[in-house]
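Take a look at the letters that make up each chain.
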Protein chains: 2
Amino acid sequence: MGVLVDVVLILVYIIYTAKAGEVQHLKWEVEYKRWSPDGKESVVIAINGEFPGPTIRARAGDTINVELINKLPTEGVVIHWHGITQRGTPWADGTASISQCPINPGESFVYRFNVDKAGTFFYHGHYGMQRSSGLYGMLIVDVADGETEKFKYDGEFDLLLSDWWHRASRDQEVDLSSKPMQWIGEPQSLLINGRGQFNCSLAASFSKSAVPCDLKGGEQYAPYILHALTRKTYRLRIASSTALASLNFAIGNHKLTVVEADGNYVEPFTVDNIDIYSGESYSVLFTTDQYYHRNYWISVSVRGREPQTPQGLTILNYHTESASRLPVSPPPVPPRWDDDHYSKAFSNKILAAARSPMPPPAHDRRIVLLNTQNTMDGFTKWSINNISLALPSTPYLGAIKYNLADAYDQTSPPDHYTPADYDIRVRPPNPNTTSGNGIYVLSFGSTVDVILQNANTNTFNVSEIHPWHLHGHDFWVLGYGEGKFTDKDEAGFNLKNPPLRNTAVIFPYGWTALRFVADNPGAWAFHCHIEPHLHLGMGVVFAEGVHRLGAIPNEALACGLTAKYLMNK
Amino acid sequence: MGVLVDVVLILVYIIYTAKAGEVQHLKWEVEYKRWSPDGKESVVIAINGEFPGPTIRARAGDTINVELINKLPTEGVVIHWHGITQRGTPWADGTASISQCPINPGESFVYRFNVDKAGTFFYHGHYGMQRSSGLYGMLIVDVADGETEKFKYDGEFDLLLSDWWHRASRDQEVDLSSKPMQWIGEPQSLLINGRGQFNCSLAASFSKSAVPCDLKGGEQYAPYILHALTRKTYRLRIASSTALASLNFAIGNHKLTVVEADGNYVEPFTVDNIDIYSGESYSVLFTTDQYYHRNYWISVSVRGREPQTPQGLTILNYHTESASRLPVSPPPVPPRWDDDHYSKAFSNKILAAARSPMPPPAHDRRIVLLNTQNTMDGFTKWSINNISLALPSTPYLGAIKYNLADAYDQTSPPDHYTPADYDIRVRPPNPNTTSGNGIYVLSFGSTVDVILQNANTNTFNVSEIHPWHLHGHDFWVLGYGEGKFTDKDEAGFNLKNPPLRNTAVIFPYGWTALRFVADNPGAWAFHCHIEPHLHLGMGVVFAEGVHRLGAIPNEALACGLTAKYLMNK
């Protein structure tokens, strides 16, 4: 009963602030542009000539109205507003094949949606691997007018983290889809606000082999320096849009107090560094209370995969010191890349702040999703319950709305993997997965538990980290576990203060339990946020209450069978 | 009167053979694929896994039915059937923004059209610069059943010539559209049937600096060898799909007798080598009458631009000699790249064969098109009568059909350049061109003369070659001239035996006069066939009789304003 009241209160709040909020009109042109994210000239997808794209800054309750104009020569484009639930506007979720038809070259599409909750979000391409071409930017929602944050700070910095390859994402797509697959390898650089250093190091003086950077500051790959006053507390908003890398973030000599995760308040806790997976965002507080006549390293390091990419670096500059002076000590040393205990300990520290929305006490449906790497006719795939998602050309949202049964497989994928005694510790015994495009149709308003079950990859003794991201909803993270999930594990679920997130990781050979309420009419992707994994089929689609929606704008439907249906009507 | 009779006879012939012809059903998947066209691994656009795409072989009167399935991850695609007039099927012409909407990823489109005339044709991408990614192949139409060619031969070889860059066409597009423009430079290789050698030479033994090729024959870049019997006459069909290069083609020690150009019979003439510009095709006859215990070079060399690309080479192998033995003499030496007299002499040799269709004796409308290179706000453009073509997102054919006036500028571009005393010998005095998308609407059935007038580029003392290609029609080439065309030049028009072509070149500082009858309902591109020039606006669009057409398939209209109009109807 308490849950119902919460939900009602939240809805009232949304309606209230939506009316109170302002409408931000933005006009964005998306185009390819020569850019040097890390010192080597590449081609990026820029927005209004900028890489990364412009930061959107709004207040909770505002309406964002982005007219997106596609200036790519031959490619469609969409933009996903990561973490925004798109309640009432599922066609604005910006996922090709799911929420809308890609915007054709030369055409435009208006993304109009409400940002109903304060928090740190970002946006990115969600078509092919365009995110890997640099189509991303930050989306920051401040508390509504008259509201105050739960914590105090004097200033703010916003950092969007990403990884960068010199090989174009189109070629990466070709490589991944080759038979046999050609793995894209580790990124050449880690970028902080789109800036990294490929063939030089800011910290060369602490290394025998590194080449110092000869930077004047105006270069596209010059670091984004944080200029801070001393003895102040700053809020640092950090989001990760990496294609592959899991990251560890640190500021030398400074503690970080985590206060927000994916737009939700968490019970504050203080650490030396944080792990951040692709698709996640955090706010951390830090205080400039160290020796004032210094600068300090800010470092981003690869976690979970054996690092072959140099640390991403920039500088926290105390205003009492020249910004051009490098720190006197080496950059922070991250935890060992394969120290899973460290990562799990961090994840387990993230708990909901007091008075956060509570999960319903029980689930109506449980979907257990086995994550496996497989082969299919010699191609490498990632599969969920032995189905590798092959997205259809007609987006689900319109196909469901107009009952176009030919648009996708009408059979639901299974709620449980088979055989039940599948051994997650060994390579998949079934070398051939299948591909499919069936979806999970959820009863409107039902409470759904998803158990993400990790397993061994195709490689002996390897199980990888996967950060799973859900569109259209936040979910409660009820717990992480080792080995195979069994019904007995339910007893250990955290129903007291589980954190609300939109992204949660599964650890090697482990499981992660999530709960959400299927109360947002639309068709919603749920997928591993690692770009090449999604490209190889690592995702599922949920749909609920689509027939409750009013008209879907035709602009979202001008492709595939919806176009055919509506043009021939 | 004689002309009218001819036209009627041709139409009767078409209807007759169309009924008699067969329908060829082809299913093509277009996808990116790793490929090594010249020894360096690249990514090409392949059809059914092949590069170049499969050769279509049909008989005059056949119907070709290609179901094209777009397997590119994020790009639309179309294919233009170069030289096929698409009478009655203008939506199958395969030109994005003009005849149809691009085929979306995951979707398919059926190109169904009649091949009404025997000849040597080819097909290629016509969206963005996808042709430069290798989307091309040959289309050969034999004479109808029961018909015979005008010349005799014992065997046939088919060669599709192209040029290749290691920089992806997407990046080339970005470079060309940059401010200032970054020129793509000369191609790294010339390809014969998709095969060239980049970092080695088949003819290394005749050069001090070249590295010999270590080829076993199975490599993707191993040359396509012509295995011939001795003392036979062969027909060699040659088409050029180059993005930039004008070419000279030769077979060492063998004379070439030109018998066909762009699918039209020409009065046979014999030469040592032929010039071939992008968009052109020829049939030449040669006889294997040389010393039998030898192989002979086949060479392709750059014309018209200072060559920085090695000759493309392969071998004519006499069956009396091992195919692995290289010729004993060096490859043919082409004419000097800047010997325009040589090129003009060749072009002037091309005259219609006896009993070819004759042009109407007079024109109803004359359109004079000044070709200039300009700048526009710091961007480099090519302009026609000071307008650089910026293609609209709604294809003209559907926009005209449904009277969607917002789809493009309803004002016609000018029939003549201004000022009339424009000095073609100097750089354009007006640094700023305009861009536009207006079209030339032609009276149905009228006779149109087009005078292509060349001029100086933006560079002092430079005027470039441009091969202009017309869709939907052949035209008669009435003549080539030096300097500025004036009405007095009309007296020199060849109305006796002008060759029918679909592509004609303008020489530096010269003019070329063309005549055609606007009797094919549709919207038709007329443009420089150099891919970067078209990308920078070097084209115009003609339209005639669109309202005479029946229904246009909706599949060709699912974009832009036609989709909007038809979905909201």
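What you are looking at is a predicted structure, and each value in this text was computed from that prediction instead of being measured.

## Points about the state of the cysteines
Residues and elements named next belong to chain A.
So, point 1. Throughout the structure, instances matching the rule amount to 4 disulfides over all chains.
So, point 2. With a sulfur-sulfur separation of 2.0 Å, Cys-101 is cross-linked through a disulfide to Cys-559. The sign of the -80 degrees torsion about the S-S bond sets the Cys-101-Cys-559 disulfide as left-handed. In this pair, Cys-101 is assigned in the loop between β5 (79–82) and β6 (108–114) and Cys-559 in the loop between β32 (539–544) and α6 (560–568), connecting sequence segments 458 residues apart.
So, point 3. Overall, Cys-101 belongs to the buried group, its relative accessible area being 2%.
So, point 4. Relative accessible area serves as the criterion here: at 2%, Cys-559 is assigned to the buried category.
So, point 5. Each disulfide of chain A joins two cysteines, and with those cysteines numbered along the sequence the arrangement is 1-4, 2-3.

## Here we look at the relation of the copies chain B and chain A
So, point 1. Superposition of chain B onto chain A requires a rotation of 180 degrees combined with a translation of 0.0 Å along the rotation axis, giving an RMSD of 0.0 Å. What we have between these two chains is a two-fold relation.
So, point 2. Mapped onto chain A, 100% of the interface residues of chain B again fall at the interface, so both copies present the same surface.

## Observations concerning the sheet that holds strand β15 (residues 264–271) of chain A
All names here are of chain A.
So, point 1. In space, the 6 strands of this open sheet follow the order β10-β9-β12-β17-β14-β15, with mixed pairing throughout. The sheet is open, and its two edges are formed by β10 (189–192) and β15, each paired on a single side. In this sheet, adjacent strand axes meet at a mean angle of 25 degrees when their direction is disregarded.
So, point 2. Across 4 bridges, strand β14 (residues 256–261) lies against strand β17 (residues 281–287) in antiparallel orientation. Its bridge partner lying in β17, Glu-260 is registered against Ser-283.
So, point 3. Here helix α3 (residues 340–349) sits on the sheet and contacts β14, β15 and β17; the angle it forms with β15, its principal contact strand, is near 130 degrees.

## Brief notes about empty space enclosed by the protein
So, point 1. One pass over the full model with this rule turns up 10 cavities of 30 Å³ or more.
So, point 2. By volume, the largest cavity amounts to about 100 Å³.
So, point 3. Contributing to the lining of the largest cavity are 13 residues, with Tyr-32, Glu-75, Arg-170 and Glu-173 of chain A together with Thr-74 of chain B lying nearest its centre.
So, point 4. In terms of residue count, helix α2 (residues 169–176) of chain A provides more of the lining of the largest cavity than any other element does, 3 residues in total.
So, point 5. Here the lining of the largest cavity is composed, by residue class, of 4 nonpolar, 4 polar and 5 charged.
So, point 6. In terms of lining residues, the second largest cavity is bounded by 13 residues, among which Gly-76 and Asn-104 of chain A together with Gly-76, Asn-104 and Pro-105 of chain B are the most central.
So, point 7. In the lining of the second largest cavity, the residues fall into 6 nonpolar, 6 polar and 1 charged.

## Observations concerning the interface of chain B and chain A
So, point 1. On the chain A side, the residues contacting the 37 residues of chain B number 37 residues.
So, point 2. Together chain B and chain A conceal approximately 3,100 Å² of surface at their shared face, both sides included; 54% is due to carbon and sulfur atoms.
So, point 3. Where chain B touches chain A, the interface holds 2 salt bridges.
So, point 4. Taking the shortest distance from any N to any O, the salt bridge between Arg-34 of chain B and Asp-175 of chain A comes out at 2.4 Å.
So, point 5. Listed by contribution, the elements that provide at least two residues to the side of chain B that touches chain A are β1 (23–35), α2 (169–176) and α6 (560–568) of chain B.
So, point 6. The element contributing the most residues to the side of chain B that touches chain A is α6 of chain B, with 6 residues.
So, point 7. Per-class residue counts for the side of chain B that touches chain A are 13 nonpolar, 13 polar and 11 charged.

## As for the environment of Arg-366 of chain B
Residue and element names in this part refer to chain B.
So, point 1. When you line up the elements, Arg-366 lands in strand β20 (residues 365–376).
So, point 2. For the pair Arg-366 and Ile-451, spaced 85 residues apart in sequence, the C-alpha separation works out to 7.4 Å.
So, point 3. Discounting chain neighbours no more than four positions away, the residues touching Arg-366 are Asp-415, His-416, Asp-449, Ile-451, Phe-485, Asp-487, Glu-490 and Phe-493.
So, point 4. In terms of polar contacts, Arg-366 uses its side chain to reach the side chain of Asp-487, at 3.2 Å.
So, point 5. A polar contact of 2.7 Å, which involves the side chain of Arg-366, links it to the side chain of Glu-490.

## Focus: the layout of surface pockets
So, point 1. Size it by volume and the second largest pocket reaches roughly 1,600 Å³.
So, point 2. As for the second largest pocket, its lining consists of 47 residues, of which Lys-71 and Pro-73 of chain A together with Ser-177, Lys-381 and His-535 of chain B are closest to the centre.
So, point 3. Mapped by element, the contributors of at least two residues to the lining of the second largest pocket are β1 (23–35) and β4 (63–70) of chain A together with α2, β21 (379–384), β22 (387–389), β23 (434–436) and α5 (531–535) of chain B.
So, point 4. Looking at which element gives the most residues to the lining of the second largest pocket, the answer is β1 of chain A, with 5 residues.
So, point 5. For the lining of the second largest pocket, the per-class residue count stands at 21 nonpolar, 17 polar and 9 charged.

## Re α6 of chain B
So, point 1. Those residues of α6 of chain B that fall on the buried side of the exposure criterion are Gly-560, Thr-562, Ala-563, Leu-566 and Met-567 of chain B. For α6 of chain B, the angular spread of the buried residues around the axis is 150 degrees, confining them to a single face.
So, point 2. Residues of α6 of chain B that are buried make contact with α6 of chain A together with α4 (396–401) of chain B.

## Notes on unusual backbone geometry
Residue and element names in this part refer to chain A.
So, point 1. Along the chain, Phe-51 connects to Pro-52 via a cis peptide bond; the corresponding omega equals -10 degrees.
So, point 2. Structurally, Pro-52 is set in the loop between β2 (42–47) and β3 (56–59).
So, point 3. Residues Thr-418 and Pro-419 are joined by a peptide bond in cis, for which omega reads -10 degrees.
So, point 4. Topologically, Pro-419 is positioned in the loop between α4 (396–401) and β23 (434–436).
So, point 5. Its identity as a non-glycine residue notwithstanding, Arg-355 has a phi of 65 degrees, on the positive side.
So, point 6. Within the secondary structure, Arg-355 sits in the loop between α3 and β20 (365–376).
So, point 7. Its relative accessible area of 78% is what places Arg-355 among the exposed residues.

## Side note on the sheet that holds strand β13 (residues 246–251) of chain A
The strands making up a sheet associate through hydrogen bonds between their backbones, and the pairing can be parallel or antiparallel.
All names here are of chain A.
So, point 1. Strand order in this open sheet of 5 strands is β11-β19-β18-β13-β16, and the pairing throughout is mixed. Lying at the two open borders of the sheet, with one neighbouring strand each, are β11 (226–228) and β16 (273–276). Strand after strand, the sheet turns through a mean of 20 degrees between neighbouring axes, direction not considered.
So, point 2. Docked against the sheet, α3 engages β13, β16 and β18 (295–303), running at close to 90 degrees with respect to β16.

## Describing the nonpolar core
So, point 1. Formed by 114 residues in total, the largest nonpolar core has its most connected members in Trp-81, Tyr-111 and Leu-139 of chain A together with Trp-81 and Tyr-111 of chain B.
So, point 2. For Leu-139 of chain A, the contacting residues outside a window of four places in its chain are Ile-56, Trp-81, Ile-84, Phe-113, Val-115, Gly-119, Thr-120, Phe-121, Phe-122 and Tyr-123 of chain A.

## Topic: the pattern of salt bridges
So, point 1. Applying the stated criterion to the full structure yields 58 salt bridges over all chains.
So, point 2. The structure contains a network of salt bridges with shared partners spanning Arg-57, Asp-142, Glu-149, Glu-156, Asp-158, Arg-235, Arg-237 and Glu-260 of chain A.

## A word on the packing of aromatic side chains
All names here are of chain A.
So, point 1. Tallied over the full model, the rule gives 58 aromatic pairs over all chains.
So, point 2. Taking 6.4 Å as the distance between ring centres and 80 degrees as the angle between the ring planes, the aromatic pair formed by Phe-206 and Trp-297 counts as edge-to-face. Within this pair, whereas Phe-206 is found in the loop between β10 and β11, its partner Trp-297 is found in strand β18, the two being separated by 91 residues in sequence.
So, point 3. Of the residues examined, Trp-297 reaches a relative accessible area of 2% and is grouped as buried.
So, point 4. Put simply, the rings of Trp-28, Trp-81, Phe-109, Tyr-111, Phe-113 and Tyr-123 touch in pairs and so form one group of aromatic residues.

## A short note on the environment of Leu-442 of chain A
So, point 1. Within the secondary structure layout, Leu-442 of chain A lies in the loop between β24 (440–441) and β25 (447–453).
So, point 2. In this structure the C-alpha to C-alpha distance between Leu-442 of chain A and Phe-51 of chain A, which are 391 residues apart in sequence, comes to 38 Å.

## Observations regarding the confidence of the model for chain A
Residue and element names in this part refer to chain A.
So, point 1. Averaged over all residues, the pLDDT of chain A equals 95, while 96% of them reach at least 70.
So, point 2. Predicted confidence is poor over residues 1–19, with pLDDT under 50, and the contacts of this stretch with residues over four places away or in other chains come to 18 contacts.
So, point 3. Interface confidence for the predicted complex, expressed as ipTM, amounts to 0.93; the pTM equals 0.94.

## Digging into the pairing of strand β5 (residues 79–82) of chain B
All names here are of chain B.
So, point 1. Neither face of β5 is exposed, since Ile-79 and Trp-81 on one face and His-80 and His-82 on the opposite face are all buried.
So, point 2. Both β5 and strand β7 (residues 119–125) contribute to a ladder of 4 bridges, which runs antiparallel. Bridging across to β7, Ile-79 finds its partner in Gly-125.

What counts, and where the lines are drawn
Residues numbered from 1 in each chain as written. Chains lettered and ligands numbered in written order. Predicted model: local features only at pLDDT ≥ 70, side-chain atom pairs only at ≥ 80, totals over all residues. Heavy atoms only, no water. Disulfide = S-S within 2.5 Å. Helix = DSSP H or I, 4+ residues; strand = E, 2+ residues; numbered from the N terminus. Buried < 20%, exposed > 50% of the residue type's maximum accessible area, 1.4 Å probe, protein only. Least-squares fit on C-alpha atoms with pLDDT ≥ 70 in both. Contact = heavy atoms within 4.5 Å. Pairing = 2+ DSSP bridges. Axes fitted to C-alpha atoms, helices over the stretch in contact; angles between N-to-C directions. 1 Å grid on protein atoms, 1.4 Å probe; cavity = no way out; pocket = protein on both sides within 12 Å on 5 of 7 lines; lining within 4 Å. Points joined across faces, edges and corners; volume = space filled by probe spheres on them. Nonpolar A, V, L, I, M, F, W, Y, C, P; charged D, E, K, R; others polar. Buried area = accessible area lost by both parts, 1.4 Å probe. Salt bridge = Lys/Arg side-chain N within 4 Å of Asp/Glu carboxyl O. Polar contact = N/O pair within 3.5 Å; in protein donor to acceptor, adjacent residues only side chain to side chain. Arc of directions from axis to C-beta. Core = buried A, V, L, I, M, F, W, Y, C linked by side-chain atoms within 4.5 Å. Phe/Tyr/Trp six-rings, centres within 6.5 Å; stacked < 30°, edge-to-face > 60°. pLDDT = per-residue confidence, 0-100.

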